[in-house]
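# Architecture and fold: a report
Each chain is listed here by its residues.
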Amino acid sequence: MGANVSDIASSELTAAAAPAAGNVAKARFTGDPRAFRNLMIRGALLQVVTLGIYRFWLTTDARRFLWVNTEIAGDSLEYTGTAIELFLGFLIAVALLVPFYVLLFFGTLELGLVSQLSSAAAFVFLAVFGQYAYFRARRYRLTRTVFRGLRFHQSGSALSYALRALAWWIATGITLGLAYPWAVASLERYKLAHTHYGEWQSKFAGSGTRLFLRGIGLWLIMIASFVAYGLALQFINKGTFDRAAPTGGENAPSQMVMFLIVFFGTGLFVVAAVVYAILQGIITRWWLAGLRFGPVVVATTLKKRQVFGAYLRCFLYGLLLLIVVSFVVGALAALLSLGVAVTKEAKEIMGAILVICLYVSFAVGFWVIYQLTIKFGIWRMAVDSVELAGFDAIERVRADGTRPSSAVGEGLADALGAGGI
Amino acid sequence: MTTSGPALYFDGRTSARLAATAELGAQSLQIRSPSGDLLAEWPYAELGIFSAPEGVLRLGRPRSPDAARLEIRDSGLAIGFGQRAGAVRRVGEVDRRSRAKVVGWSFAALVSAVLVAIFGVPAIVARLTPLVPARLEQRLGASVDQQVRLLLDPGTRPFECGTAAHAGRVAFDKLVHELEAAAALPFPVRASVIRRPEANAIALPGGRVYVFQGLVARANNPDELAGAIAHEMGHVAQRDGVRVLMQAAGLSFLFGMLIGDFSGGGVAVIAMRTVLQSSYSRETEAAADGYGAALLGRLGRDPHALGTILIRIAGTPGPMAKILLDHPEAEERAAAIDALARAAPPRAGGTDAATLLDDSEWAALKRICTTAPQQGVLGKQ
């Protein structure tokens with residue numbers, strides 16, 4: 001039957017509306033941004049109503065949308081996970097973590113050193129365990145991803161990945177971030193080397209050195225900004241002492257100092273934000289161009305400024321939201337102060353409720369903005385930028401009989417990310 | 001009705017895309033190659049609809065180990081499939097009904113968690129508290145003490161008022177010992193007056209009691225101060241320090257784990273915890289009031305003194321007092337103490353003297369936080 005089938009495939013492909021384009025396949029994103037926006041707004045509101053329990057259903061909805069609208073050479077990805085799986089995985093993870101939290105509770109009850117040691121140990125443990133959970137969660141997502149009738153899957157050891165990540169973090173910390181490019185490259189190599197599509201093995205070909213060369217300028221700018229900020233603060237301090245004595249005026253210099261500190265602080269923040277957004281662009285491009293699936297080589301036309309634009313949009317929409325929320329606060333506070341009949345306590349309680357409502361609405365609104373501009377925005381532009389060379393080989397991949405993995409890893413990642421304790 | 005039409009078939013064994021013909025049989029879906037060979041036959045009962053882009057009907061068998069799929073893009077055939085196959089499960093889809101279910105069940109879960117927090121946590125903690133060894137509580141107290149000192153101690157002068165030789169200190173210790181002798185406590189009380197302007201007193205786990213300078217200043221007689229200390233001894237006797245810690249941990253766990261990773265979730269957790277903890281503390285305070293009033297009565301003193309000083313200090317609570325101790329509704333508490341006092345009047349002619357401290361002792365105690373040498377020490381002899 002095999003020969004028969006491939007004959008059919010090659011002869012009937014065009015009839016089946018497949019854009020066969022030589023040896024290079026294009027990916028494209030087919031989803032309607034408005035549909036995703038509605039999904040997110042409704043999901044965010046339902047999360048508030050259910051105090052977050054809806055997140056498993058929202059995550060599933062979002063993944064289904066993103067996967068299904070990611071089309072490669074005419075065929076779309078498919079997400080087969082279900083919200084119930086995620087929810088059960090989360091419950092199991094909570095049960096698994098109970099003994100740890102009990103231990104941690106007793107640890108913090110101990111005196112001085114033991115208490116500090118136990119919180120430090122807990123921090124390291126949670127960090128490593130978080131990476132373990134991340135790797136397991138990745139396995140869940142890959143085994144729930146189907147393309148042309150075959151599943152992706154992941155081999156490798158989550159523990160070994162977590163220890164590798166820990167070692168690289170330490171190295172990155174010691175070198176003030178200089179080791180970061182090699183850290184990302186090494187971790188991506190591990191992840192991709194253990195990623196499979198049917199019998200194809202993936203590979204990450206991105207080089208840490210190349211990322212280093214692209215990012216070193218940003219690193220230098222950041223360091224220089226920190227140094228400049230420190231120097232400016234010192235200069236301000238010195239200046240006030242020199243000047244305050246002869247003039248004798250106390251208010252003028254201190255206001256000036258406050259202004260300068262806020263001014264330079266804002267400057268540092270803006271530089272850091274811009275550097276971060278540009279770095280994300282560099283990393284996303286570098287990561288996409290480093291992907292290899294079997295013989296298929298990924299190339300990207302993604303521009304750094306596209307990614308930067310996504311962050312800028314997020315920032316501007318967030319700012320707009322902040323302004324709107326502030327106006328609402330002002331208007332409601334004015335209304336509240338007009339009410340004469342109510343008692344002082346009633347006013348205080350109403351004020352507190354008002355503040356909580358506004359805080360939650362800003363938090364929820366910004367979450368939606370972040371999902372739309374950055375998560376969705378970058379996914380879409382990344383997919384649209386991708387070209388796959390050597391894609392013809394896709395016709396000959398065989399399944400290798402792996403089964404979907406459990407969702408406990410996702411649950412652990414969720415439970416650890418939730419924090420709260 | 002369309003019962004046959006073009007489709008794309010992925011057989012789950014390779015990634016090849018096969019053009020095929022789908023035929024809607026009576027009980028099953030038959031997938032045929034263009035030359036008419038039967039590639040697969042899927043009973044309708046085993047089928048599931050998987051997520052797919054707009055305009056594509058993607059079918060597969062959810063229970064099958066492979067991920068074979070049939071994609072129908074012909075709308076007529078898709079309609080025909082719907083009529084023939086009946087209700088087919090949409091794998092992983094979150095429809096209106098399941099959303100309503102999630103909201104309903106989450107609400108039920110929230111109600112259940114709140115009920116557990118209101119009734120379950122205090123009940124469990126009440127059972128567990130006596131099981132905590134006294135030594136553990138004292139160790140815990142030492143660690144809490146460090147943190148409390150960090151919070152309260154400005155660090156400029158000795159935090160605790162009065163050295164051992166100070167007449168005020170002697171009087172204070174006498175007062176505490178008289179109270180302690182009448183109380184049955186799980187471990188010795190270590191009480192001291194600290195330099196804080198607020199009118200307040202706190203009991204830490206393990207028997208340490210701090211009386212703030214402001215409270216000593218605002219007490220009009222030894223009985224009132226004794227009442228406040230007796231209240232704190234109530235906390236020690238009931239081991240409220242451990243109880244509060246365990247309650248807080250229980251609440252953190254209950255809500256911190258359940259609610260979580262959504263924007264604004266942190267605020268929800270904090271609000272929930274604050275409300276519940278203040279409801280716990282109301283009960284705890286009422287119990288300590290009862291204990292304090294009873295202790296005063298046992299010493300032959302007037303339990304009303306506790307209510308009196310509560311009302312007085314409630315008039316001007318410092319910001320710290322509000323944070324450290326939830327002591328709401330002083331009037332209500334004083335009324336409750338009065339009711340207790342009426343039910344069990346102070347023992348007349350008990351083993352004790354007419355007053356807990358004589359006038360010179362009380363005067364020395366009022367000056368406990370002044371470091372100037374006391375003439376009273378010599379003068380009294």
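Residues numbered from 1 in each chain as written. Chains lettered and ligands numbered in written order. Predicted model: local features only at pLDDT ≥ 70, side-chain atom pairs only at ≥ 80, totals over all residues. Heavy atoms only, no water.

### Looking at the pairing of strand 1 (residues 24-29) of chain A
Residue and element names in this part refer to chain A. Taking every second residue as pointing to the same face, the buried face of strand 1 carries Ala-25, Ala-27 and Phe-29, while none of Val-24, Lys-26 and Arg-28 on the other face is buried. Direction of pairing for strand 1 relative to strand 11 (residues 386-389): antiparallel, over a ladder of three bridges. The partner of Ala-25 across the bridge, within strand 11, is Leu-388. Where strand 1 and strand 2 (residues 70-72) come together, three bridges link them in antiparallel fashion. Bridged to Arg-28 within strand 2 is Glu-71. (Buried < 20%, exposed > 50% of the residue type's maximum accessible area, 1.4 Å probe, protein only. Helix = DSSP H or I, 4+ residues; strand = E, 2+ residues; numbered from the N terminus. Pairing = 2+ DSSP bridges.)

### Some remarks on the state of the cysteines
Residue and element names in this part refer to chain B. Applying the stated criterion across every chain, the model contains one disulfide over all chains. Between the sulfur atoms of Cys-161 and its disulfide partner Cys-369 the distance amounts to 1.9 Å. Looking along the S-S bond of the Cys-161-Cys-369 disulfide, the torsion reads about 95°, which is the right-handed sense. Highlighted residues: Cys-161 in the loop between helix 3 (134-152) and helix 4 (167-182) and Cys-369 in the loop between helix 12 (359-366) and helix 13 (376-380), separated in sequence by 208 residues. Of the two residues examined, Cys-161 and Cys-369, each falls in the buried class. (Disulfide = S-S within 2.5 Å.)

### Quick look at the packing of aromatic side chains
Residues and elements named next belong to chain A. On inspection of all chains with the given rule, the structure shows 30 aromatic pairs over all chains. On the basis of an interplanar angle of 20° and a centroid distance of 6.1 Å, the ring pair of Phe-362 and Phe-366 is categorised as stacked. You can see Phe-362 and its partner Phe-366 sitting in helix 11 (residues 344-385), four residues apart, about one turn around the helix. On the basis of relative accessible area, Phe-362 is assigned to the partly exposed category, the value being 24%. Among the aromatic side chains, those forming a connected cluster through ring pairs are Phe-147, Phe-152, Tyr-197, Trp-200 and Phe-293. The aromatic ring of Phe-90 is capped on one face by Arg-55, whose charged end is 5.0 Å from the ring centroid. (Phe/Tyr/Trp six-rings, centres within 6.5 Å; stacked < 30°, edge-to-face > 60°. Lys NZ or Arg CZ within 6 Å of the ring centre and 35° of its normal.)

### Structural notes on empty space enclosed by the protein
Enumeration over the complete set of coordinates arrives at two cavities of 30 Å³ or more. Every residue lining the second largest cavity is listed: Asp75(A), Ser76(A), Glu78(A), Val146(A), Phe147(A), Arg148(A), Gly149(A), Phe10(B), Arg58(B), Arg69(B) and Glu71(B). Where the lining of the second largest cavity is concerned, the elements lending two or more residues are strand 3 (75-76) and strand 5 (145-147) of chain A together with strand 7 (69-72) of chain B. Looking at side-chain class alone, the lining of the second largest cavity contains three nonpolar, two polar and six charged residues. (1 Å grid on protein atoms, 1.4 Å probe; cavity = no way out; pocket = protein on both sides within 12 Å on 5 of 7 lines; lining within 4 Å. Points joined across faces, edges and corners; volume = space filled by probe spheres on them. Nonpolar A, V, L, I, M, F, W, Y, C, P; charged D, E, K, R; others polar.)

### With respect to the nonpolar core
Membership of the largest hydrophobic core comes to 74 residues, with the highest contact counts inside it found for Phe36(A), Trp57(A), Phe147(A), Tyr197(A), Leu388(A) and Phe391(A). Considering each element in turn, this core owes the most residues, eleven residues, to helix 11 of chain A. With 43 residues, the next largest nonpolar core counts Val211(B), Val236(B), Leu296(B) and Leu356(B) among its residues. (Core = buried A, V, L, I, M, F, W, Y, C linked by side-chain atoms within 4.5 Å.)

### As for the confidence of the model for chain B
All names here are of chain B. Of the residues in chain B, 87% have a pLDDT of 70 or more, and the chain-wide mean is 81. This stretch, residues 317-326, has a pLDDT under 50; its non-local contacts, to residues over four places away or in other chains, come to 18 contacts. Taken over the whole predicted complex, pTM reads 0.78, whereas the ipTM for its chain interfaces reads 0.78. (pLDDT = per-residue confidence, 0-100. Contact = heavy atoms within 4.5 Å.)

### Side note on the packing of helix 9 (residues 304-314) of chain B against helix 11 (residues 330-343) of chain B
All names here are of chain B. Two elements in contact, helix 9 and helix 11, have axes separated by 8 Å at closest approach and are oriented at 175°. By the angle between their axes, helix 9 is roughly antiparallel relative to helix 11. Residue-level inspection shows His-304, Leu-306, Gly-307, Leu-310, Ile-311 and Ala-314 of helix 9 in contact with helix 11, the latter providing Ala-330, Glu-331, Arg-333, Ala-334, Ile-337, Asp-338 and Ala-341. (Axes fitted to C-alpha atoms, helices over the stretch in contact; angles between N-to-C directions. Parallel < 35°, antiparallel > 145°, perpendicular 65-115°, else oblique.)

### Considering the sheet that holds strand 10 (residues 201-203) of chain B
Residue and element names in this part refer to chain B. Sheet architecture is open: three strands sit in the order 9-11-10, paired in mixed fashion. Each end of this open sheet is capped by a strand with a single partner; those strands are strand 9 (190-194) and strand 10. Here the average twist between neighbouring strands, direction ignored, is 15°. Note: strand 9 against strand 11 (residues 208-212), five bridges, orientation parallel. In the sheet register, Ala-191 faces strand 11, and the bridge partner there is Val-209. On the sheet, helix 6 (residues 222-237) packs against strand 10 and strand 11 and is oriented at approximately 25° with respect to strand 10.

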